[in-house]
Amino acid sequence: MTDCDRRREGRHALLRDSRWMPPSPHRDAILDELRRGRAHIEERGHDRSPLFVYEDGGVMELALMRLVDGRLVAVSGAGLPETGTKHVDVCGTIDELEALWAERPELADTDPEQLFALVEHALAMLRRMEQRLSVYSEFAESVRAAVSEMTMLRPPDHALAPALRQRLRDAIGAGGAAVAADFEALVATAEELRDIASASEEVLYRYRDLAIAIGNLYEGVRGARDWSQPGQTPAPPPAPGYG
C-alpha cells in the first residue's frame, strides 16, 4: 500500500466514524462512491453536516443521505431537503419526476411546488455540471500550453559527448608533457562538455518546472476527489434512438 493509499484509507476511516455518516448499508454506498472518485466531501464548519458533492451535479447533506432502491437519495421529514438536491444526478431526478407524473398526476393541482422543486434540482445540477465542464476546459488549456512549451524545448546534442570524451582520454593518455603542451585545446574540449551540461540543466529545470505546474493544475482540478486510478466511472449508456 502506497502512502497515498494510506492517506486515502485514513480519510475514509475518519469519515466512517463521523457522527454525520448514516449507518450501513447507507454508509457503505456513500464510501463506495467516494472510493470510485464519483463524489467528494466538503466540510461546512462546526455543527453542520458536511456536503456530499457528486460529480454529476448532485449536492446533499451527508446526514440526510440514504440508500433507497439501490440509489442514494437525500431524505427529510419535510419532504425535499432545503439544502442541496434530493438525488445525486439529473437521471434520478427525472426518473422521480416522471414517476410522479404517471402515478400522482393530481400533484400538479395539489402540490405543484413538489414538482417544481424537482425541476429546479435538475437545473441546479446542470448548472454545476456546466461549471465543472468549464473548470476542465480551463485545465485542458493550461495543460496544453505547458505541453506546447515542453515540445518547443531543445536539449543540446549529447551525441557529441563520446567524441569529446575520447579526445580528452587520448590527450591525458599521452602524458603530462602532452597535457601541458596542448593545455588550451584540452580546456576548450572540457568546456564543450560543460556547455552540453549547462544547456542540459536549463532544459531539465524547465521541464521540471512545467511538470510541477501540470501537477499543480491536476491537484487543483482534482480537489478533494479520490482519483487513485482511472476507469472508475462506467461509460454512459447510449442515448435513446441512437444505435
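In this report, we go over the structure that sits alongside the text. (Residues numbered from 1 in each chain as written. Predicted model: local features only at pLDDT ≥ 70, side-chain atom pairs only at ≥ 80, totals over all residues. Heavy atoms only, no water.)

Side note on the packing of aromatic side chains
- Tallied over the full model, the rule gives 2 aromatic pairs.
- With a centroid separation of 6.2 Å and an interplanar angle of 20°, the aromatic rings of Phe52 and Tyr54 are classed as stacked. Here the two residues Phe52 and Tyr54 agree in accessibility, since each one is buried.
- Just above the ring of Tyr136 sits the side chain of Arg132; from NZ or CZ to the centre is 4.6 Å. (Phe/Tyr/Trp six-rings, centres within 6.5 Å; stacked < 30°, edge-to-face > 60°. Buried < 20%, exposed > 50% of the residue type's maximum accessible area, 1.4 Å probe, protein only. Lys NZ or Arg CZ within 6 Å of the ring centre and 35° of its normal.)

Brief notes about the packing of helix H5 (residues 112-152) against helix H8 (residues 183-222)
- Packing of H5 against H8 leaves a shortest axis separation of 10 Å and a crossing angle of 175°. As the angle between them shows, H5 and H8 are arranged roughly antiparallel. Across the interface between the two elements, Arg132, Val135, Tyr136, Phe139, Ser142, Val143, Ala146, Val147, Glu149 and Met150 from H5 touch Arg206, Tyr207, Leu210, Ala211, Ile214, Leu217, Tyr218 and Val221 from H8.
- Considered class by class, the residues forming the contact of H5 with H8 number 14 nonpolar, 1 polar and 3 charged. (Axes fitted to C-alpha atoms, helices over the stretch in contact; angles between N-to-C directions. Helix = DSSP H or I, 4+ residues; strand = E, 2+ residues; numbered from the N terminus. Parallel < 35°, antiparallel > 145°, perpendicular 65-115°, else oblique. Contact = heavy atoms within 4.5 Å. Nonpolar A, V, L, I, M, F, W, Y, C, P; charged D, E, K, R; others polar.)

As for the layout of surface pockets
- Here the largest pocket defines a volume of roughly 300 Å³.
- Listed by contribution, the elements that provide at least two residues to the lining of the largest pocket are helix H2 (26-35), strand S5 (71-74) and helix H3 (90-103).
- Top element by residues in the lining of the largest pocket is H2. It accounts for 3 residues. (1 Å grid on protein atoms, 1.4 Å probe; cavity = no way out; pocket = protein on both sides within 12 Å on 5 of 7 lines; lining within 4 Å. Points joined across faces, edges and corners; volume = space filled by probe spheres on them.)

Looking at the nonpolar core
- Counting 15 residues, the largest nonpolar core has Ile30, Leu34, Phe52, Leu62, Met65, Leu72 and Val88 as the members making the most contacts within it.
- Those elements that place two or more of their residues in this core are H2, strand S1 (39-42), strand S2 (51-54) and S5.
- With 4 residues, H2 is the largest single contributor of residues to this core.
- What Met65 contacts, discounting residues up to four positions off in sequence, is Pro22, His26, Ile30, Phe52, Met60, Leu72, Val73 and Ala74. (Core = buried A, V, L, I, M, F, W, Y, C linked by side-chain atoms within 4.5 Å.)

Section: H8
- Taking 1.5 Å of rise per residue, the 40 residues of H8 would be expected to cover 58 Å, and the 58 Å separating its terminal C-alpha atoms lies within 8% of that figure.
- Every buried residue of H8 is listed here: Leu186, Thr189, Ile196, Ser200, Val203, Leu210, Val221 and Arg222.
- Immediately downstream of H8, the backbone of Gly223 shows phi near 60°, a positive value. (Expected span 1.5 Å × (residues − 1).)

Details of the packing of helix H6 (residues 161-173) against H8
- The geometry of H6 relative to H8 is characterised by a closest axis approach of 10 Å and an angle of 150° between their N-to-C directions. As judged from the angle between their axes, H6 and H8 are roughly antiparallel. In the crossing of H6 with H8, the sense of the turn from one axis to the other is left-handed. In contact with Ala161, Leu164, Arg167, Leu168 and Ala171 of H6, H8 contributes Leu186, Thr189, Ala190, Glu192, Leu193 and Ile196. (Left-handed = near helix turned anticlockwise from the far one by under 90°.)

Some points on the environment of Leu51
- Summarising the element assignment, Leu51 is placed in strand S2.
- Between the C-alpha atoms of Leu51 and Leu62, which are 11 residues apart in sequence, the distance is 5.5 Å.

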